[in-house]
Amino acid sequence: MTQRVASVETFVATIPRDTPYLGPLGPGEKVNSRGYLVRQGNGTIYPTADRSIVVRITSDTGAIGWGETYGICAPRATCEIINDLLAPVLVGESIETPEAIWDRLYGLMRVRGCTGGFHVDAIAALDIALWDLHAQAAGKPLRDLLGQTVIPTIPGYVSGLPAGTLAERVAFAEQMFTAGHRVFKFAAAVSHEGIVEEMAALRSALGPSANILIDLHWKFEAEAALRLIDALAPFGPGFVEAPVAPEDVGGLTLVAHESPIPVAAGEEWYTAYEVANRLHAANIAYVQPEMGHTGVTQFMRIARVARDHDTLIAPHATIGVGVFLAASIQASAVIPHLWRHEWQHSVFDRGLELLEGMPPYADGAYALPNGPGLGVRPNDAFWNYAERVE
Ligand code: MG
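Residues numbered from 1 in each chain as written. Predicted model: local features only at pLDDT ≥ 70, side-chain atom pairs only at ≥ 80, totals over all residues. Heavy atoms only, no water.

Undergrad: Got a sec to walk through the packing of helix H2 (residues 98–107) against helix H3 (residues 117–138)? Specific residues and values, please.
TA: When two helices pack together, their arrangement is given by the angle between their axes and by how far apart the axes lie. Orientation of H2 relative to H3, taken along the N-to-C sense of each, is 160°, at an axis distance of 9 Å. As summarised for this structure, H2 and H3 are arranged roughly antiparallel, according to the angle between their axes. As for how H2 packs across H3, the hand of that crossing is right-handed. In this structure, H2 uses Pro 98, Glu 99, Ile 101, Trp 102, Leu 105 and Tyr 106 to contact H3, whose residues at the interface are His 119, Val 120, Ile 123, Leu 126, Asp 127, Leu 130, Trp 131 and His 134. The residue makeup of the contact of H2 with H3, split by class, is 10 nonpolar, 2 polar and 2 charged. (Axes fitted to C-alpha atoms, helices over the stretch in contact; angles between N-to-C directions. Helix = DSSP H or I, 4+ residues; strand = E, 2+ residues; numbered from the N terminus. Parallel < 35°, antiparallel > 145°, perpendicular 65-115°, else oblique. Left-handed = near helix turned anticlockwise from the far one by under 90°. Contact = heavy atoms within 4.5 Å. Nonpolar A, V, L, I, M, F, W, Y, C, P; charged D, E, K, R; others polar.)

Put into structure tokens, the structure is as follows:
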């Protein structure tokens, strides 16, 4: 008999951290009364604690599916969208048709312009939980419902060098290199000593065998990005990420066309609609879908659009407890044009303590969770950090 959704619950998990995400406070940066800081390097707001939204869907047989989405900023807004708007529509629906449900939930608000942001985050959390239930009911790991597993482990790369000075960031990268890592990404938003200077220092310290990637954090107009890229090119970066503002499709197209360094983008793109519009225009080398925004349904659709454009998939990894990361790893296993999956070491290691079933990251790769569904679920420790939002 078909299982149907019986209830939906939302939780905000708040996990304190000693050093803010992307590193210590820089010049002119301060924490405000709600615990946020604005990074001067890119004008973006960040929380000082790690925070995410976890959803629990219970079916009419008592089976439980887990989902997760972004909760770093104003998490109660997303919870309200789920509890007030989406959950009442979802209750009573079959757990066997998550794709159709994604389309239906998205359709509720698309003509009001809610084609991304908090609304689609809310759908992503529900979508992941439905896929978890659907795969559990089939007795299979999620990846088996999505396609043919093409790789047994998912190669990753070191993302972020969380230290206050360039010398400390270089020392951190050297430590990681000694531990066997060869692919590194640094965040230009906190390159206080200069982006080219940071690239040069890392190349000098790590040598020619290191693949060094640069996240430009949407900081530049196209012409300025191209001038910077020309200055970076002699140091041989593997890609430059997010060179221009998210809305600047023309700028992205120009940079991707002119840049001697491959361009990566897309952690902020929610749907295959957005990706198709951009890839139609811009010849970018890597698309970086974020499971916390896309859910499983759009993640897989984005991968199909990318394949049609000969673009590699390099999934993004954001702040969370790891439920959506498990979904991202499961989905990545069936994508033949997967390059590498981002590894946010400072976030991942803490998530390991909150989840049952997540294998450790080892030898530069994620191992696939075992068991049916996502293969992970919050453990007892998780509940020390979680608060129910009704
Ligand atoms: Mg990024």
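There's more to say after this.
Undergrad: Describe the pattern of salt bridges, naming the residues involved and giving the relevant values.
TA: Enumeration over the complete set of coordinates arrives at 13 salt bridges. Notably, a salt bridge pairs Arg 388 with Glu 9, separated by 3.7 Å at the nearest N-O pair. One end of the pair, Arg 388, is in strand S18 (residues 386–389); the other, Glu 9, is in strand S1 (residues 5–16), with 379 residues separating them in the sequence. The closest approach of N and O atoms between Lys 185 and Glu 342, which form a salt bridge, is 3.1 Å. With Lys 185 in strand S7 (residues 183–187) and Glu 342 in strand S13 (residues 341–343), this pair connects stretches of sequence that are 157 residues apart. Exposure class is identical for Lys 185 and Glu 342. Each is buried. Where salt bridges share partners, they join Glu 9, Arg 56 and Arg 388 into one cluster. (Salt bridge = Lys/Arg side-chain N within 4 Å of Asp/Glu carboxyl O. Buried < 20%, exposed > 50% of the residue type's maximum accessible area, 1.4 Å probe, protein only.)

Undergrad: Tell me what's going on with the domain arrangement of the protein chain, and back it up with residues and numbers.
TA: Segmentation of the protein chain into domains returns domain 1 (5–143) and domain 2 (148–373). Taken over C-alpha atoms, the centre of domain 1 sits 21 Å from the centre of domain 2. With 48 residues of domain 1 at the interface, the matching set in domain 2 holds 48 residues. Interface area for domain 1 against domain 2, summed over the two sides, is near 3700 Å², with a carbon-plus-sulfur share of 59%. Among the residues domain 1 hides against domain 2, the three largest losses belong to Glu 68, Tyr 70 and Arg 143. Together they make up 21% of the total. Glu 99 is the partner of Arg 301 in a salt bridge, and the nearest nitrogen-oxygen pair spans 2.9 Å. Inspection of the region where domain 1 meets domain 2 yields 20 residue pairs in polar contact (both at pLDDT 80 or more). Listed by contribution, the elements that provide at least two residues to the side of domain 1 that touches domain 2 are S1, strand S4 (49–59), strand S5 (64–70), H2, H3 and helix H4 (142–146). Take the side of domain 1 that touches domain 2: its biggest share by element is 10 residues, from H3. (Domains from an automatic or database assignment. Buried area = accessible area lost by both parts, 1.4 Å probe. Polar contact = N/O pair within 3.5 Å; in protein donor to acceptor, adjacent residues only side chain to side chain.)

Undergrad: Provide a residue-level description of the packing of helix H9 (residues 272–281) against helix H10 (residues 291–308), including the pertinent values.
TA: Contact pair H9 / H10: the axes reach a minimum separation of 9 Å and the direction vectors enclose 20°. Between H9 and H10, the crossing angle belongs to the class labelled roughly parallel. Pair H9 / H10 crosses with right-handed handedness. Residues Ala 272, Val 275, Ala 276 and Leu 279 of H9 lie in contact with H10, whose contacting residues are Gln 298, Arg 301, Ile 302, Val 305 and Ala 306. Its residues placed into classes, the contact of H9 with H10 shows 7 nonpolar, 1 polar and 1 charged.

Undergrad: Hey, could you go over the coordination of the magnesium ion for me, with residue numbers and the actual values?
TA: Around the magnesium ion, the protein contributes the donor atoms Asp 215 (OD), Glu 241 (OE) and Glu 267 (OE), which lie 2.0 to 2.1 Å from the metal centre. All donors to the magnesium ion come from one chain, and their sequence spacing reads D-x25-E-x25-E. With Asp 215 in strand S8 (residues 211–215) and Glu 267 in the loop between strand S10 (263–265) and H9, this residue pair connects regions lying 52 residues apart in the sequence. (Donors = N, O, S within 2.8 Å, 3.2 Å for Na, K, Ca; no water.)

Undergrad: So what's going on with the packing of aromatic side chains? Which residues, and what values?
TA: Counted according to the given criterion, the structure contains 14 aromatic pairs. A ring pair is formed by Phe 348 and Tyr 366, whose centres lie 5.5 Å apart and whose planes are at 80°; its orientation type is edge-to-face. With Phe 348 in helix H12 (residues 345–352) and Tyr 366 in strand S16 (residues 365–367), this residue pair connects regions lying 18 residues apart in the sequence. Phe 348 sits in the buried class, given a relative accessible area of 5%. The residue whose ring lies beneath Arg 182 is Phe 177, and the NZ or CZ to ring-centre distance is 3.6 Å. Its end group placed over the ring of Trp 339, Arg 340 keeps NZ or CZ at 6.0 Å from the ring centre. (Phe/Tyr/Trp six-rings, centres within 6.5 Å; stacked < 30°, edge-to-face > 60°. Lys NZ or Arg CZ within 6 Å of the ring centre and 35° of its normal.)

Undergrad: Go over the nonpolar core with me, naming the residues and quoting the values.
TA: Ile 195, Ile 284, Val 296 and Tyr 366 are the most contacted members of the largest nonpolar core, which has 84 residues in total. When residues in this core are grouped by element, the largest group, 8 residues, is from H10. Of the residues that make up this core, three or more belong to each of domain 1 (5–143) and domain 2 (148–373). For Val 296, the residues in contact, after removing those within four places along its chain, are Asp 127, Ile 128, Trp 131, Leu 142, Leu 146, Met 291 and Ala 327. (Core = buried A, V, L, I, M, F, W, Y, C linked by side-chain atoms within 4.5 Å.)

Undergrad: Please provide a residue-by-residue account of H12, values included.
TA: For H12, the set of buried residues is His 345, Val 347, Phe 348 and Gly 351. Buried positions in H12, seen along its axis, are confined to an arc of 160° and lie on one side of it. (Arc of directions from axis to C-beta.)

Undergrad: A description of helix H1 (residues 75–90) should follow, citing residues and the corresponding values.
TA: For H1, the principal kink sits at Asn 83 and spans about 35°. Among the residues of H1, Pro 75, Thr 78, Cys 79, Ile 81, Ile 82, Leu 86, Ala 87 and Leu 90 are the ones counted as buried. Positioned one or two residues after H1, Gly 92 has a phi angle of 95°, which is positive. (Bend = angle between axes of the 7 residues up to and from the residue.)

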